[in-house]
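What the coordinates show
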Amino acid sequence: MKWENEIENLVFDKRTLLNIAKLMKKGLLDRIEGIVSQGKEANVFLGKQGEREIAVKIYRSETTNFQNRMKYLLQDPRIKKVKKTQYDLACAYASREFKNLQIAHQLIQDVPQPFHHEGNVILMDFLGKEGIPYPQLMYEEVSKQDFQDLWEKLWRLWEGGLVHADISEYNILKGPRNYIIDWGQGLPRKSEMGLTYFKRDLQNLIRFFKKRGIDVEEAESRLRALES
Ligand SMILES: Nc1ncnc2c1ncn2[C@@H]1O[C@H](COP(=O)(O)OP(=O)(O)O)[C@@H](O)[C@H]1O
Ligand SMILES: [Mg+2]
């Protein structure tokens, strides 16, 4: 299969190609082998550095959701001003996801370890085997232990000053452990919306596990205490 052609048709505008070329020149990436996921705002590819598998996340500079993304981005106090082009916005998201991944990796380890950021492109550990990512929590059986593990991770992040802000059964991969991915929306606890998003993340986690028949009563009362 000619991945190159397919990939080019999908997302690789000139600036993205340039960023990929830079990563290759730096020896951080040897090749891109295929597409793993096509999202609204970013695409994820399987890359290789030698035999090592790498996740290459590329924020798109064409998107229909420009105004919304700008609004969310400006809620983050670390983001002072954003030049208002789609490409700059894509870079700001990539940069934010990269920084969040670094912090989250220090705090809870179970996120993809990021190792480079170039414009709208991020390189991180590939969580999966033989080019297949670990499945999203949505498609897996789950236990009370999974709930407790994730609940505790969200609290450890909070205590360390970071909120994911987009927690769902799609942004958690279930492998040997439960990994939290997709950190482009993450923001510091101290930001104006920090607590609001943290509570929403907890609520999303509770809702999913409750739907799966897991007893979440204790967590619900802890969340209620946070509300008052
Ligand atoms: N580090 C990674 N390792 C393996 N697969 C990944 C990685 N990051 C993302 N993916 C795959 O790509 C999908 C989309 O990634 P995500 O970061 O959630 O992007 P989106 O913003 O499109 O939701 C994930 O569900 C997973 O299948
Ligand atoms: Mg996602």
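Residues numbered from 1 in each chain as written. Chains lettered and ligands numbered in written order. Predicted model: local features only at pLDDT ≥ 70, side-chain atom pairs only at ≥ 80, totals over all residues. Heavy atoms only, no water.

**Overview of the sheet that holds strand β4 (residues 114-118)**
Here five strands make up an open sheet; going across it, the order is β1-β2-β3-β5-β4 and the pairing antiparallel. This sheet does not close on itself; its edge strands, each paired only once, are β1 (31-38) and β4. Each strand of the sheet is rotated relative to its neighbour by a mean of 25 degrees, with strand direction disregarded. Bridge count for strand β3 (residues 52-59) against strand β5 (residues 121-125) is five bridges, and the pairing is antiparallel. (Pairing = 2+ DSSP bridges. Helix = DSSP H or I, 4+ residues; strand = E, 2+ residues; numbered from the N terminus. Axes fitted to C-alpha atoms, helices over the stretch in contact; angles between N-to-C directions.)

**Focus: the domain arrangement of the protein**
Segmentation of the protein into domains returns domain 1 (3-132) and domain 2 (137-227). Summing both partners gives a buried area of about 1,800 Å² for domain 1 against domain 2, and 61% of it is carried by carbon and sulfur. For the pair domain 1 and domain 2, the number of links is three salt bridges. Of the charged contacts in the structure, one is a salt bridge between Asp110 and Arg177, with a shortest N-O distance of 2.9 Å. Here domain 1 and domain 2 share ten residue pairs in polar contact (both at pLDDT 80 or more) between them. Every element with two or more residues in the side of domain 1 that touches domain 2 is listed here: β3 and α4 (86-108). (Domains from an automatic or database assignment. Buried area = accessible area lost by both parts, 1.4 Å probe. Salt bridge = Lys/Arg side-chain N within 4 Å of Asp/Glu carboxyl O. Polar contact = N/O pair within 3.5 Å; in protein donor to acceptor, adjacent residues only side chain to side chain.)

**Things to note about the site of ligand 1**
Inspection of the region around ligand 1 gives 17 residues, with Lys57, Asp125, Leu127, Gln136 and Asp182 positioned closest. Measuring from a nitrogen atom of ligand 1, one finds a backbone N or O atom of Asp125 at 2.9 Å. Side-chain polar atom of Asp182 to an oxygen atom of ligand 1: 2.9 Å apart, as the coordinates give it. Contact with the protein chains removes 87% of the 550 Å² of surface that ligand 1 exposes when unbound. Mapped onto the shell around ligand 1, the elements with two or more residues apiece are β1, β2 (42-49), β3 and β5. Its residues assigned to classes, the shell around ligand 1 comprises ten nonpolar, four polar and three charged. Shared between two domains, the shell around ligand 1 takes at least three residues from each, and those domains are domain 1 (3-132) and domain 2 (137-227). (Near = heavy atom within 4 Å. Areas by Shrake-Rupley, 256 points an atom, 1.4 Å probe, with all protein chains shown as cover. Nonpolar A, V, L, I, M, F, W, Y, C, P; charged D, E, K, R; others polar.)

**As for the coordination of the magnesium ion (ligand 2)**
Donor atoms from the polypeptide that coordinate the magnesium ion (ligand 2) comprise Asn171 (OD1) and Asp182 (OD), at 2.1 to 2.2 Å from the metal. Of this pair, Asn171 sits in the loop between β8 (162-163) and β9 (172-174) while Asp182 sits in the loop between β10 (178-180) and β11 (187-188), placing them eleven residues apart in sequence. Since its relative accessible area comes to 8%, Asn171 is described here as buried. The class for Asp182 is partly exposed, based on a relative accessible area of 24%. (Donors = N, O, S within 2.8 Å, 3.2 Å for Na, K, Ca; no water. Buried < 20%, exposed > 50% of the residue type's maximum accessible area, 1.4 Å probe, protein only.)

**Regarding the nonpolar core**
Ranked by internal contacts, the top residues of the largest apolar core, which has 37 residues, are Phe147, Ile180, Leu205 and Phe209. At the level of secondary structure, the elements contributing two or more residues to this core comprise β2, α4, α5 (144-159), β8, α6 (194-211) and α7 (217-227). (Core = buried A, V, L, I, M, F, W, Y, C linked by side-chain atoms within 4.5 Å.)

**Some remarks on the packing of aromatic side chains**
Between two aromatic rings, the relevant description is the distance of the centres plus the angle of the planes. This structure, assessed with the given rule, holds nine aromatic pairs. Linked through ring pairs, Phe147, Trp151, Trp155, Trp158, Phe198, Phe208 and Phe209 together constitute an aromatic cluster. The cationic tip of Arg15 hangs over the ring face of Tyr87; the distance from NZ or CZ to the ring centre is 4.2 Å. Sitting over the ring of Phe115, Arg52 keeps its end group 4.3 Å from the ring centre. (Phe/Tyr/Trp six-rings, centres within 6.5 Å; stacked < 30°, edge-to-face > 60°. Lys NZ or Arg CZ within 6 Å of the ring centre and 35° of its normal.)

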